[in-house]
Amino acid sequence: MIRRFWLFISCLMISFTLIQSAAFAQEILQDAESDALLKKALAPLVAATGLRDVKILIVNDSEINAFVAGGQMVFINSGTIMAADNINQIQGVVAHELGHVTAGHVINSSGIKEAGRISVAAMILQAVLVPLSAIVPAAGAIGTMLGGIGSQVAVQHYLAFTRTQEASADAAAVKFLKRADISGRGLLEFFGKIRKMEYRSMPADSDGSFASDHPMTADREMMLRGDLENLPSWNRPIDPQLQQSFLRVRAKLTGYLADPNEVLKAYPDDAHNIPDLYARAYAFHRLSYFKQSMDEVEKLLKLIPKDPYFLELKGQILLESGHPDDALEPYREATEISQSPLIAASFGHALMATEDSSHYAEAKKVLTVAVDREEDNPLAWFVLGSIYDREGDVAHMNLATAERYSLSGQTTLAMDAADMALKGLDPNSAEWRRANDIATTARQALASKKKK
């Protein structure tokens, strides 16, 4: 089951006149099958970096892009996965992004700071000279010109800095692919896709190189091709199981995100092709064609009866179509087979959706196990909080709410919920200590942000 939650990311944004800190929200797509694929396919690359606790997250964005935003988090746009032909291309893209992570490019903002100083200096000169235009007519024109030149110089400085970073990340990608014994063919193939897009969108009178914060893709291909072709893994074939899993995930994302009618045209009615059935099941469900979506799921289960992700999809369709009681068995079976905290969270949601209080005890047990295995599970915390609320347990409801807000980066709300939880929890309990940790961390983060 693909689910969405908002992650608030602190980042640096550049404009032509000022470098400023900003916060923006990214809608993250969570899905047990997609997470399992990325974890398995990318584990050798992560190991090659020497890093620990790297997180790979899928962003709900149709643009072809991947990026890092501080720490050890790599974000892949859903459009990148949907545009890729094979899992090796995704491995190549992530290898490059891991190069940014290991180099600390987001954290090391010296180039951005320098561009900001240039731009601000130009703005100060402009502010001084323009008011003098009443006395010295030329002063206003000179000030405006200097402001414009300063902005252009700042942008050029920033672009040069980021191009250097891109080249560094490309070199690191070669190193990581070699250590992981993964072919770099996919990276070049994906560059080919991007190059075609660049050529289609490039103005006729432009070489396209100035306005991009990346070196032009053709240049990167030329620089990388020799290094990648000389890797021992260049001709290594793609793992067929990984590729089949990738095709399933790509079809699932497409069915979930793309226009349903277009999905039904792109994926033909084939009772023996899993990606086709997967995409069509999601498309029919989004069109509210209950029978047709269930028919596709039953075809999937006929091919692989105990597949936990097919069972999860069956439960999702039943739950979201108003049949929560019927959704329990497929969700329960999917949870037992997969042991996935994400699927367990959906099962807990279905148990609560029956509005039968006799299911609450099982729901709390399932959800508690889920968050013990994986705390980064907003849906599980949301459902737990809802159950505690219905039972009148305000303190634990507030603690679960604080956990959810903390995960989504909503610091003020996390602090407020944790403070309320502290009032009702036993000071000697582990829950009180956890609420205190959330409140303290949030308060420190807010104080640090205020100083900046």
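Residues numbered from 1 in each chain as written. Predicted model: local features only at pLDDT ≥ 70, side-chain atom pairs only at ≥ 80, totals over all residues. Heavy atoms only, no water.

Asker: Please explain the overall build of the chain as it appears in this structure.
Answerer: Along the chain, the regular secondary structure elements total 19 helices and 5 strands. Burial analysis of the chain (452 residues in total) assigns 49% to the buried set. Considering only intrachain contacts with a sequence separation of at least 6, the fraction spanning at least 24 residues in the chain is 62%. (Helix = DSSP H or I, 4+ residues; strand = E, 2+ residues; numbered from the N terminus. Buried < 20%, exposed > 50% of the residue type's maximum accessible area, 1.4 Å probe, protein only. Contact = heavy atoms within 4.5 Å.)

Asker: Just to check I follow, could you spell out unusual backbone geometry for this structure?
Answerer: The phi torsion of most residues other than glycine is negative, and most of the peptide bonds are trans. The backbone of Asp181 sits at a positive phi, close to 60°, despite the residue not being glycine. Note that Asp181 resides in the loop between α5 (137-180) and α6 (185-201). Residue class for Asp181 comes out partly exposed when judged on its relative accessible area of 34%. Its identity is not glycine, yet Ser288 carries a phi of approximately 65°, on the positive side.

Asker: Would you mind going over helix α19 (residues 430-451) with me for this structure?
Answerer: Given 3.6 residues per helical turn, the α-helix brings residues three or four places apart onto the same face. In a regular helix each residue adds 1.5 Å, so 22 residues correspond to 32 Å; α19 covers 32 Å between its end C-alpha atoms and thus fits that length. Each element contacted by the buried residues of α19 is listed here: α17 (394-407) and α18 (411-424). (Expected span 1.5 Å × (residues − 1).)

Asker: Explanation requested: the environment of Met82 in the structure shown.
Answerer: Within the secondary structure layout, Met82 lies in helix α2 (residues 78-83). Between the C-alpha atoms of Met82 and Ile64, which are 18 residues apart in sequence, the distance is 8.7 Å. Apart from residues lying up to four places away in sequence, Met82 is in contact with Arg250, Leu253, Thr254, Leu257 and Ala258.

Asker: Would you mind going over the side chain of Asn398 with me for this structure?
Answerer: Residue placement: Asn398 occurs in helix α17. Setting aside its immediate chain neighbours within four residues, Asn398 contacts Ala417, Met420 and Ala421.

Asker: How should I be thinking about the pairing of strand β3 (residues 55-59) in this particular structure?
Answerer: Each regular strand carries side chains that alternate between the two faces of the sheet. In terms of burial, β3 is largely enclosed, as 4 of its 5 residues are buried. The pairing of β3 with strand β5 (residues 73-77) spans 5 bridges and is classified as parallel. The residue of β5 that forms the bridge with Val59 is Asn77. (Pairing = 2+ DSSP bridges.)

Asker: Would you mind going over the packing of aromatic side chains with me for this structure?
Answerer: Two aromatic rings are characterised by how far apart their centres lie and by the angle between their planes. All told, the structure shown has 5 aromatic pairs when counted by the stated rule. A centroid spacing of 6.2 Å and a plane angle of 45° characterise the contact between Tyr278 and Tyr282, whose relative ring orientation is tilted. Residue Tyr278 and its partner Tyr282 are both found in helix α10 (residues 274-286); the two are separated by 4 residues, about one turn of the helix. Residue classification places Tyr278 among the buried positions, given a relative accessible area of 0%. Their ring planes at 40° and their centres at 6.3 Å tell us that Phe284 and Tyr289 sit as a pair that is tilted. Residue classification places Phe284 among the buried residues on the basis of a relative accessible area of 11%. (Phe/Tyr/Trp six-rings, centres within 6.5 Å; stacked < 30°, edge-to-face > 60°.)

Asker: Got a minute to help me understand the packing of α17 against α19 in this structure?
Answerer: Packed helices, taken two at a time, are described by the angle their axes make and the gap between the axes. For the pair α17 and α19, interaxial distance at closest approach is 10 Å and the crossing angle is 40°. In terms of orientation, α17 lies oblique with respect to α19. In the crossing of α17 with α19, the sense of the turn from one axis to the other is left-handed. Here α17 contributes His396, Leu399, Ala402, Glu403 and Ser406 to the contact with α19, which in turn contributes Glu431, Arg434, Ala435 and Ile438. (Axes fitted to C-alpha atoms, helices over the stretch in contact; angles between N-to-C directions. Parallel < 35°, antiparallel > 145°, perpendicular 65-115°, else oblique. Left-handed = near helix turned anticlockwise from the far one by under 90°.)

Asker: Looking at this structure, how should I read helix α12 (residues 308-320)?
Answerer: When the terminal C-alpha atoms of α12 are compared, their 18 Å separation across 13 residues agrees well with the 18 Å that a helix rising 1.5 Å per residue should span. The buried count for α12 comes to 11 of 13 residues, which makes it a mostly enclosed element. All of the buried residues in α12 are Pro308, Tyr309, Phe310, Leu311, Glu312, Leu313, Gly315, Gln316, Ile317, Leu318 and Leu319. Its side-chain oxygen placed 2.9 Å from the backbone nitrogen of Tyr309, Asp307 serves as the N-cap of α12. Positive phi appears at Gly322, one or two residues downstream of α12, with a value of about 90°. (Polar contact = N/O pair within 3.5 Å; in protein donor to acceptor, adjacent residues only side chain to side chain.)

Asker: Is there a simple way to think about the nonpolar core in this case?
Answerer: Across soluble globular proteins, nonpolar side chains have a tendency to be buried as a group. In this structure, Leu45, Ile56, Ile90, Leu98, Leu177, Leu228 and Tyr278 are the most contacted members of the largest nonpolar core, which totals 98 residues. If sequence neighbours within four positions are ignored, Leu45 has contacts with Gln91, Ala95, Leu98, Phe176, Leu177, Ala180 and Ile182. Counting 13 residues, the second largest nonpolar core, distinct from the first, contains Leu399, Ala414, Ile438 and Ala439. (Core = buried A, V, L, I, M, F, W, Y, C linked by side-chain atoms within 4.5 Å.)

Asker: Mind showing me how you'd approach the confidence of the model for the chain here?
Answerer: Note: predicted coordinates in regions of low pLDDT should not be interpreted at a detailed level. With 77% of its residues at a pLDDT of 70 or more, the chain shows a mean pLDDT of 83. Below a pLDDT of 50 lies the segment residues 107-126, which in the model reaches 37 contacts outside its immediate sequence neighbourhood of four places, other chains included. pLDDT under 50 marks residues 153-161. Its contacts with residues more than four places away, or in other chains, come to 21 contacts. (pLDDT = per-residue confidence, 0-100.)

Asker: Would you mind going over the pattern of salt bridges with me for this structure?
Answerer: For side chains of opposite charge, pairing can occur when their charged atoms come near one another. Applying the stated rule across the entire model yields 20 salt bridges. Its salt-bridge partner being Asp181, residue Arg236 comes within 2.8 Å of it at the nearest N-O pair. On the criterion of sequence distance, the pair formed by Arg236 in the loop between α7 (217-229) and α8 (240-257) and Asp181 in the loop between α5 and α6 is long-range, its members being 55 residues apart. A salt bridge links Glu262 to Lys265; the nearest nitrogen and oxygen atoms lie 3.7 Å apart. One end of the pair, Glu262, and the other, Lys265, are both in helix α9 (residues 260-266), 3 residues apart, so they sit about a helical turn from each other. (Salt bridge = Lys/Arg side-chain N within 4 Å of Asp/Glu carboxyl O.)

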